Protein chains: 2
Amino acid sequence: MEDGTSKEPSYCTGTDDDQARQWDVREDCEVRHILDRVADKWSLLVIALLDRRTMRFSELRRTIDGVSQRMLTVTLRQLERDGLVKRTVYPTVPPRVDYELTSLGISLHEVINSLVIWTEAHQQEISTARSEYDRRATEETQLQPTAR
Amino acid sequence: MEDGTSKEPSYCTGTDDDQARQWDVREDCEVRHILDRVADKWSLLVIALLDRRTMRFSELRRTIDGVSQRMLTVTLRQLERDGLVKRTVYPTVPPRVDYELTSLGISLHEVINSLVIWTEAHQQEISTARSEYDRRATEETQLQPTAR
DNA sequence: CAGTATCCCTTTTGATACTG
DNA sequence: CAGTATCAAAAGGGATACTG
């Protein structure tokens, strides 16, 4: 039991792939689980904010508009569990807890950041596409295809 | 109304930033909305799969393990609306619908892909971190801090 | 301050049935 | 085949109260 695999999902680093770049898509695949975590609304924001500096709980809470105390706690616990964030408790009173990225977290941050940058760069295009889609959808609803 | 901004959230391309790399975190910010879309479980998988080739609806459905017909439809509609995916209907019977990335979708794909690759590369590390976290958590529960 | 615990409402999602 | 519509189940998330 030294490698402690109790109920881990299957690893599918793709050795049995018939297609060149066909990765795992199996639901029980570890990669799917991790992507779900990484592609989480709050996780994304926390990781993006912990760029190079530590932040206190309350600081994160204040900075991330709209996050509840509960969700921030839950998110930080998950990130800590995944080894992406390091949590440091100072046994003072009142308590003080610092959060910072681990080296693993930093490497993920770089990827996340390119996603944020992409989004910032293309937000106008997406917005325009949405407007056009909605306009077209409206038109089609207006003039019923089946002649009156 | 040519630039058709009806109720779009505020654009915060960061001109008023006091800190160097402090991006928008406002809840009503367009970037937040787009990230929520992009960082979606099914969106991520669809975009990752539509790499360079078109796929039919049923093909996507079969390939993505665990997706329901409804969720795949919803996801594809959102992606189409955002201008990331192009939907082509062939008026044959039975109908045939092809999906492919737009140029905008391709540019996002590159970013998404680096995320998938990162995840594949670090899944073992994360898995280990989780095991250790859980082990520590169990230990602390076993031996109650308050004697006896 | 930084949580944890609880209740409860909202949104998301899956299953099922029906249609062009 | 590729959807749409509907309903019920489940998860997500907020508000509040309490604690070391």
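Every value quoted in this text rests on a predicted model; they were computed, and no experiment measured them.

1. Concerning the environment of L35 of chain A
- Summarising the element assignment, L35 of chain A is placed in helix α1 (residues 30–38).
- Apart from residues lying up to four places away in sequence, L35 of chain A is in contact with W23 of chain A together with L44, L115, V116 and T119 of chain B.

2. A look at the UniProt feature "domain: HTH hxlR-type" (unreviewed entry) in chain A
- With numbering aligned to this structure, UniProt lists the feature "domain: HTH hxlR-type" (unreviewed entry) at residues 29–127 of chain A.
- As a span, residues 29–127 of chain A carries 64% helix and 14% strand, and end to end its C-alpha atoms are 34 Å apart.

3. Quick word on the pairing of strand β2 (residues 85–90) of chain A
Residue and element names in this part refer to chain A.
- For β2 and strand β3 (residues 96–101), the ladder comprises six bridges, and the chain directions are antiparallel. Bridged to Y90 within β3 is R96.
- Linkage of β2 to β3, two consecutive antiparallel strands, is achieved through a turn of five residues.

4. Quick notes on the protein's contact with DNA strand C
- Close contacts around DNA strand C come from 17 residues, with S58, Q69, R87 and Y99 of chain A together with R70 of chain B the closest.
- Expressed as a percentage, the sugar and phosphate content of the atoms of DNA strand C within 4 Å of the protein is 62%.
- The contact in question runs from a phosphate oxygen of DNA strand C to an N or O atom on the side chain of R87 of chain A, over 2.8 Å.
- Residue R70 of chain B places a side-chain N or O atom 3.5 Å away from a base oxygen belonging to DNA strand C.
- For the surface near DNA strand C, the secondary structure elements donating two or more residues are α3 (57–63), α4 (69–81) and β3 of chain A together with α4 (69–81) of chain B.
- Broken down by element, the residue count for the surface near DNA strand C peaks at four residues, all from α4 of chain A.

5. Examining the interface of chain B and chain A
- Contacts between the two partners involve 62 residues from chain B, matched on the other side by 62 residues from chain A.
- Where chain B touches chain A, the interface holds four salt bridges.
- The shortest N-O distance in the salt bridge between D82 of chain B and R130 of chain A comes to 2.6 Å.
- Across the contact surface, chain B and chain A share nine residue pairs in polar contact (both at pLDDT 80 or more).
- Contributions of two or more residues to the side of chain B that touches chain A are made by α1 (30–38), α2 (41–49), α4 and α5 (103–142) of chain B.
- Considering each element in turn, the side of chain B that touches chain A owes the most residues, 23 residues, to α5 of chain B.

6. A few points about the protein's contact with DNA strand D
- Surveying the vicinity of DNA strand D reveals 18 residues, the closest of which are P95 of chain A together with S58, Q69, R87 and Y99 of chain B.
- Close to the protein, within 4 Å, the atoms of DNA strand D belong to sugar or phosphate groups at a rate of 65%.
- Between DNA strand D and S68 of chain A, the relevant distance is 2.9 Å, taken from a phosphate oxygen to a side-chain nitrogen or oxygen of the residue.
- The separation between a phosphate oxygen of DNA strand D and a polar side-chain atom of S58 of chain B is 2.6 Å.
- Put simply, the parts of the chain that give the surface near DNA strand D at least two residues each are α4 of chain A together with α3 (57–63), α4 and β3 (96–101) of chain B.
- In terms of residues, the surface near DNA strand D owes the most to one element, α4 of chain B, which gives four residues.
- For the surface near DNA strand D, a count of residues per class yields seven nonpolar, five polar and six charged.

7. Points about the side chain of D82 of chain A
- Note that D82 of chain A resides in the loop between α4 and β2.
- Of note is the side chain of D82 of chain A, whose polar atom sits 2.6 Å from the side chain of R130 of chain B.
- With near-sequence residues (within four places) excluded, D82 of chain A lies in contact with R37 and L104 of chain A together with I126, A129 and R130 of chain B.

8. Things to note about the sheet that holds β3 of chain A
Residue and element names in this part refer to chain A.
- A sheet is described by the order of its strands in space; here three strands give the open sequence β1-β3-β2, paired in antiparallel fashion. Of all the strands in the sheet, the pair left with one neighbour each is β1 (55–56) and β2.
- Strands β2 and β3 of the sheet are contacted by α4, whose axis makes an angle of about 115 degrees with β2.

What counts, and where the lines are drawn
- Residues numbered from 1 in each chain as written.
- Chains lettered and ligands numbered in written order.
- Predicted model: local features only at pLDDT ≥ 70, side-chain atom pairs only at ≥ 80, totals over all residues.
- Heavy atoms only, no water.
- Helix = DSSP H or I, 4+ residues; strand = E, 2+ residues; numbered from the N terminus.
- Contact = heavy atoms within 4.5 Å.
- UniProt positions renumbered as here; feature names shortened; annotations may be inferred.
- Pairing = 2+ DSSP bridges.
- Near = heavy atom within 4 Å.
- Polar contact = N/O pair within 3.5 Å; in protein donor to acceptor, adjacent residues only side chain to side chain.
- Salt bridge = Lys/Arg side-chain N within 4 Å of Asp/Glu carboxyl O.
- Nonpolar A, V, L, I, M, F, W, Y, C, P; charged D, E, K, R; others polar.
- Axes fitted to C-alpha atoms, helices over the stretch in contact; angles between N-to-C directions.

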